[in-house]
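So the chains spell out like this:
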Amino acid sequence: MQRLKTRPQFQAVLAGTVLSRTPHFALHCLALPQVTPNIAANAPLFPSHGVWMGAMVPKRWAKRAVTRNTIKRQIYAVSQGVEPPLQAAAHVVRLRAGFDKTRFVSATSDVLKAAVRAELQQLFAGVRVRAVQGVA
């Protein structure tokens, strides 16, 4: 699994379809054959096929850097262990709402990590359900 690194990569994937949503996260996807080359560099946005993953955790929803980094680490860890694996495409997991500060007082804690991990597993389970139903 390769990670998204550049702004044009993230923008291309965010313009794609939303595969799954949970109260705090959304999973965006873009099939790789539809990706257009980056005109400025005259090189493709995604130079190789396979699974590409990006994590987007805005400051708006997670004020402290330690919290943003914790959530990103959980996104990458859970996406590595998804069974069955994600299809060969570019994916972005986007935090779309903040976690309750009264429930998660610490910027990073085992309780927050467990809550994030559980919701991410629910997010990826939503993709599996759609694939089984033939909606993907």
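In what follows, the structure referred to is the one given above.
Residues numbered from 1 in each chain as written. Predicted model: local features only at pLDDT ≥ 70, side-chain atom pairs only at ≥ 80, totals over all residues. Heavy atoms only, no water.

1. Quick word on helix 2 (residues 65-80)
The terminal C-alpha atoms of helix 2 lie 23 Å apart, and with 16 residues this matches the ideal 22 Å at 1.5 Å per residue to within 8%. Within the sequence span of helix 2, burial applies to T67, R68, T70, I71, Q74, I75, Y76, V78 and S79. (Helix = DSSP H or I, 4+ residues; strand = E, 2+ residues; numbered from the N terminus. Expected span 1.5 Å × (residues − 1). Buried < 20%, exposed > 50% of the residue type's maximum accessible area, 1.4 Å probe, protein only.)

2. Some details on the nonpolar core
With 27 residues, the main nonpolar core has F25, I71, I75, V93, F99, L120 and F124 as its most contacted residues. If you list the elements that add at least two residues to this core, you get strand 3 (25-31), strand 6 (52-56), helix 2, strand 7 (89-95) and helix 3 (110-133). Top element by residues in this core is helix 3. It accounts for seven residues. Once you skip the residues sitting within four places of it in the chain, I71 turns out to touch F25, V57, A62, L95, F99 and V116. (Core = buried A, V, L, I, M, F, W, Y, C linked by side-chain atoms within 4.5 Å. Contact = heavy atoms within 4.5 Å.)

3. Quick look at the sheet that holds strand 6
With mixed pairing, the five strands of this open sheet are ordered in space as 1-6-7-3-2. At either end of the open sheet lies a strand with only one pairing partner, and these are strand 1 (2-3) and strand 2 (17-21). Packed onto the sheet, helix 1 (residues 7-14) meets strand 3, strand 6 and strand 7 and runs at close to 90° relative to strand 7. Against the sheet, helix 2 engages strand 1, strand 3, strand 6 and strand 7, with an angle of about 155° to strand 6. (Pairing = 2+ DSSP bridges. Axes fitted to C-alpha atoms, helices over the stretch in contact; angles between N-to-C directions.)

Spatial relationships are all this shows, so hold off on functional conclusions.
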